[in-house]
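# Examination of the molecular architecture
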Amino acid sequence: MSIRTEPVTINLGPQHPSTHGVFRLRVTFDGETVVDVDPVFGYMHRGTEKLAETRSYVQIVTLTDRLDWVSSMSNNLAYVRAVEALCEIEVPQRAQFLRVIAAELQRIASHLMATGFLVNDMGAFATPLMYCFRERERILDLFEILCGARITLSYMRPGGVFQDAPKAFWDNLDALMKEMPIYIDELESLVTTNEIVLARSKNVGVLTAEQSINGSLSGPMLRASSVDWDIRKSNPYEIYDKLNFEVPIGKNGDVFDRYLVRIKEMRESLKIIGQCVDMISEGPVRADVPYNIRPPAGDIYSSIEAPKGELGFYLVSDQSISPYRCKIRSPSFMNLSLLREMLVGWKMSDLIVILGSVDFVMGEVDR
Amino acid sequence: MYGLGLLKGLIVTMKNLISPGRMFTIHQYPDRKISPLGLSKLEGKNVISWGINNPVKFLKSLLGLISVPDKIAQSPRFRGQEFTWYEQRCTGCASCAKYCPLGIIKIVTSPSGKAVPEGQKYAIDVFDIDIGRCMFCGLCVEACPYDALHMGSGFEEGTYQRKDLVINVDRLKSAPKKPSTWFRPQLEELGYDPDSGDEITWDQIGRHERPSLSDQEDKWVKR
Amino acid sequence: MMCEQAEGLVNFCRIYKIYEFILPSWLSSFTYFFSAITLALTVINILIISTALYTWFERRTLARFQSRLGPNRWGPFGILQPIADVIKAITKEDTVPESADKVVFNMAPILLIITTLLVIIVIPLGPNSFMGSLNIGIIFIIGITSMNTISIFMGGWASRNKYAMFGAMRSVAMLITYEIPMGIAIVGILLLSNSLALSDIVLSQTIPFFIIQPIGFFVFFAASIAEISRTPFDQIEAESELGSGFHTEYSGIKFAIITLAEFMAPIISAIVITTLYLGGFKGPSILPAEFWFSIKVFGVIFFMLWIRATWPRLRIDQIMNFAWKPLFGLGLFNLFSIAIEVFVFQDKVTGFISTSHYWIMAGINWVFAILLFFGITQIIGNKNKEKIKHSYKTNMIS
């Protein structure tokens, strides 16, 4: 005798505790197993790209803050680099160092948040999440000292950064650099060797190297699938070619590897910040750029390695004060492109964990 | 060995439970409950001698009935909600309104004919900043050619109605002059800290050194 | 009515005697009724109040584990927070989904709280303090706790909500599965105590049973955590997956009742563990037996809380695997080893085992436990390394 079963379709989201925003998944389950996935985007479409066409080049910096709100610094950096490339602006050395320090701090903050939410999705009752937030809070405090805001920073400007860092920033940065490795060690001893975490994340949501290249993934997602691709190394921008750091690579491309890559990247970021603090020299922090920039006609694509992957800005200028077109290549959106390959065949609990391991932010997906 | 990781996790959480140094730096704005230990420390005394002298207070704080004000120590660069505006410096050029990405600043001016030391100036009839839509990017401050508008450092602008969030010219005039040092980091080196209640007058805020009296005479009287 | 033992804090005979003294003669036929009602109300209210205090304790401790503060505003150290919670829950609108099965929907929380409360009847809180001394107490507990499953499934099914249904189906699968290792672990106790009555089980623990049968204790502890659906087995209301599982659609007072039952479950389960394995109310006689009992219960509760604060949850198939493979096997092993040891060491006439023989059994079982622990962890550890993704034939559904 066989029992008659029916697949059941569930709307996971747009309001769901684990979809990290207003992301909707139409999932078809056979029992607990995922049979089909149909992602629905657009609940958070704010028209950033269109808005950029009516803003002046400096005003767009405030829009980029709101793309991926857990890594505003990296968004700012990606945008101002595109404008600088378009206008061929020479950026002072000290400004470049400051920008790299800020971006790497932001990378640590973003990865802390990704890790915390990943373990929270596995069901740890918010404890690793709160530990991660405790550490992230210190970085946000640093940003407040640096530029007066914690999340929507608007710190960088075409041609440099807005203000030089005050003395209190360097003192607090030194303290953070000393304590952060201890924090990461503690987080690792709580999570990395935990057998339940291993059982939930090893060999779950595997993407092969070929698949992830074909899906144009980037960032920790790609590197976890053992593809050595980091724009900081392969196409060094700012001062990354002067710095000595490693790019962590995963083995299997599963959830655990993505987690591990992020943990290792945090350690590498600390190394980078340490080198920057040693190498930074006095000087101006902002090139002489007019408040209203009118770039020469032309177009440019410039990308950086944001915490979540390759963040690129494609700007078209028609010599007016605002860009003719501003296309954003956002890593969160691209990383979600292989959702079906990752999810189909796994249980409902795995679905949540895999979604958590992608580490997407809806503000960036819908733009 | 298998199972060791689970035990390691338990040890980590227990360490966080028993060591107070691993807490968040928590500020329970606007006030927090205080223990006898903290209360005696506030008064600069030993717990035991303080407890013997004030047994009622000791007992009350032990029961958690005494609270003291608590506020986050904020950076002087903190971009707050209350805008600081110097009417002596403002000429009514409306650069701030033009450069605001959201267009939330509304300025209506009329010719005043009043002569001021540098240049002509408009009388400002309306200066509305709708902080309900403001995102505190500070581009208006950056755009101001006369350093008249600055980000404030307060954050207690909560109201019951959205229309109360519009800061008009009277409120701007009467607001405490506590600008954020985000646009003028030079003020930090002078020891200015808006958190401690310092105020900055209009002639200290400018981006140039204040001219000495002889310089002004050279410029204005002897020409 | 025979009333010889009138000591103990919670004792029917004591209350009966007081009522005999107080009540006028024309009411004397109701003495039994009045004393029963008094006893029941006292115990249930004490349990509910201690649950309310436990919610505060759990939130505070969990917050400190997570290096937060927890509720600390309302009353000294926030101890009045449960009152605020209850007031809030009661004043909320009580919504019922339009397509829900209303009778079943409303009945589920009541059934849940009843089954949770009923367990306390047979628990001996002290040598002479209990509500009723059933001579089949342990079977009563097993039966009553299985009823939980039905009420959870009723709530989930009647809600007409897919998330609730998921939670309910998981609960049925999981709770029924974990009854089995639990039952097998309990049989190990019965072999030692020679009785189904809980007071006899406690009295026969000259040394606590968890020392004698560590494997049985582990099996029972894991199974009871699963029965109350706590981390790492909290798939029933996996809040990061299902919202809140079977009680997604509940609000207002019904939600409060479900929460009450949910928070009472750890207390009840800790009470059962204490009675069966930790020597119940036994302790140095400088303090009353009820005190020792609550200290042990508190310790068990704290350990559960500690686990909840630390570990993530397992997947549903891993939970089922854990029940059927390691726990079931360990339970059987424990049962057989205890049976053989009892056969060897038992006094053939009286059927009791002396304390020195208990210690010998404890030694043998601990050796077994450590060997098994190493062996099984080694096997699981190696298997985990080689596990690969199972291939699942996907039928695309249009």
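Residues numbered from 1 in each chain as written. Chains lettered and ligands numbered in written order. Predicted model: local features only at pLDDT ≥ 70, side-chain atom pairs only at ≥ 80, totals over all residues. Heavy atoms only, no water.

### Structural notes on the overall build of chain B
When helices and strands are counted, chain B shows 9 helices and 7 strands. Along the three orthogonal principal directions, the C-alpha set of chain B runs to about 80 × 50 × 40 Å. Across the 223 residues in chain B, those meeting the buried criterion constitute 40%. Total accessible area computed for chain B in this model is approximately 12800 Å², and 57% of it derives from carbon and sulfur atoms. Positive and negative side-chain charges of chain B, numbering 30 and 26 respectively, have mean locations separated by a distance of 6 Å. (Helix = DSSP H or I, 4+ residues; strand = E, 2+ residues; numbered from the N terminus. Buried < 20%, exposed > 50% of the residue type's maximum accessible area, 1.4 Å probe, protein only. Areas by Shrake-Rupley, 256 points an atom, 1.4 Å probe, with all protein chains shown as cover. Lys, Arg positive; Asp, Glu negative; His and termini not counted. Charge placed at Lys NZ, Arg CZ, Asp CG, Glu CD.)

### Re the overall build of chain A
Of regular secondary structure, chain A possesses 15 helices and 8 strands. For a compact globule of 367 residues, the expected C-alpha radius of gyration is about 21 Å, and chain A comes in at 21 Å, within 12% of that figure. Viewed in the frame of its principal axes, chain A has a C-alpha envelope of about 80 × 45 × 35 Å. Long-range contacts, defined as pairs at least 24 residues apart, comprise 71% of the intrachain contacts of chain A with a sequence gap of at least 6. Of the roughly 12100 Å² that chain A leaves accessible, carbon and sulfur atoms contribute 53%. Charged side chains in chain A number 39 positive and 48 negative. The centres of these two groups are separated by 3 Å. (Rg over C-alpha atoms; globule rule 2.2 N^0.38 Å. Contact = heavy atoms within 4.5 Å.)

### Observations concerning the interface of chain C and chain A
Taken together, the 37 residues of chain C in the interface contact 47 residues of chain A. Summed over both partners, the interface of chain C with chain A buries about 3600 Å², with 59% contributed by carbon and sulfur atoms. Across the contact surface, chain C and chain A share 2 salt bridges. Across the pair A:Asp350 and C:Arg315 runs a salt bridge whose closest N-O atoms are separated by 2.8 Å. Taken together, chain C and chain A are joined by 12 residue pairs in polar contact (both at pLDDT 80 or more). The set of elements that each furnish at least two residues to the side of chain C that touches chain A consists of helix H2 (31–65), helix H6 (162–193), helix H11 (289–310) and helix H12 (316–345) of chain C. Top element by residues in the side of chain C that touches chain A is H6(C). It accounts for 4 residues. Looking at the side of chain C that touches chain A, its residues break down into 14 nonpolar, 12 polar and 11 charged. (Buried area = accessible area lost by both parts, 1.4 Å probe. Salt bridge = Lys/Arg side-chain N within 4 Å of Asp/Glu carboxyl O. Polar contact = N/O pair within 3.5 Å; in protein donor to acceptor, adjacent residues only side chain to side chain. Nonpolar A, V, L, I, M, F, W, Y, C, P; charged D, E, K, R; others polar.)

### As for the interface of chain B and chain A
Interfaces are frequently sized by the accessible area removed from exposure as the parts join. Contact residues are listed per partner, giving 34 residues for chain B and 36 residues for chain A. Note on chain B versus chain A: buried area summed over both sides is about 3000 Å², and carbon and sulfur give 54% of it. Taken together, the links from chain B to chain A amount to 2 salt bridges. Residues B:Glu142 and A:Arg286 are paired through a salt bridge, measuring 3.0 Å at the closest nitrogen-oxygen approach. Our count for the chain B to chain A interface comes out at 19 residue pairs in polar contact (both at pLDDT 80 or more). Contributions of two or more residues to the side of chain B that touches chain A are made by helix H1 (4–18), helix H5 (95–99) and helix H6 (139–143) of chain B. Broken down by element, the residue count for the side of chain B that touches chain A peaks at 8 residues, all from H1(B).

### Side note on empty space enclosed by the protein
Residue and element names in this part refer to chain C. The final tally for this structure, using the stated rule, is 8 cavities of 30 Å³ or more. Of the voids in this model, the largest cavity is the one considered here, and its volume is about 200 Å³. As for the largest cavity, its lining consists of 15 residues, of which Thr 145, Glu 227, Ile 228, Ile 268 and Ser 269 are closest to the centre. Listed by contribution, the elements that provide at least two residues to the lining of the largest cavity are helix H4 (102–118), helix H5 (137–158), helix H9 (214–227) and helix H10 (252–277). In terms of residue count, H10 provides more of the lining of the largest cavity than any other element does, 4 residues in total. Along the lines of polarity and charge, the residues of the lining of the largest cavity split into 8 nonpolar, 6 polar and 1 charged. As a volume, the second largest cavity reaches approximately 170 Å³. (1 Å grid on protein atoms, 1.4 Å probe; cavity = no way out; pocket = protein on both sides within 12 Å on 5 of 7 lines; lining within 4 Å. Points joined across faces, edges and corners; volume = space filled by probe spheres on them.)

### Observations regarding the pairing of strand S7 (residues 309–317) of chain A
Residues and elements named next belong to chain A. With 8 of its 9 residues buried, S7 lies for the most part within the structure. One ladder, built from 9 bridges, connects strand S6 (residues 298–306) with S7; its direction is antiparallel. Pairing of Ala 306 across the sheet is with Gly 309, part of S7. Remark: 2 residues form the turn of the hairpin made by S6 and S7, two consecutive strands paired antiparallel. Pairing geometry for S7 and strand S8 (residues 325–329), over 5 bridges, is antiparallel. Bridge pairing in S8 links Leu 315 to Cys 326. (Pairing = 2+ DSSP bridges.)

### What to know about the sheet that holds strand S3 (residues 33–40) of chain A
Paired through their backbone hydrogen bonds, the strands of a sheet run either parallel or antiparallel. Residues and elements named next belong to chain A. Reading across the sheet, the 3 strands line up as S1-S2-S3 and stay open at both edges, with antiparallel pairing between neighbours. The open sheet has two free edges, formed respectively by strand S1 (8–12) and S3, since each of these has just one partner strand. Between one strand axis and the next, the sheet turns by 20 degrees as a mean value, whatever way the strands run. Bridge count between strand S2 (residues 24–30) and S3: 7 bridges; the pairing is antiparallel. Directly across from Asp 30, in S3, lies its bridge partner Thr 33. The strands touched by helix H14 (residues 348–358) within the sheet are S1, S2 and S3, with S2 carrying the most contacts at an inclination of about 150 degrees. (Axes fitted to C-alpha atoms, helices over the stretch in contact; angles between N-to-C directions.)

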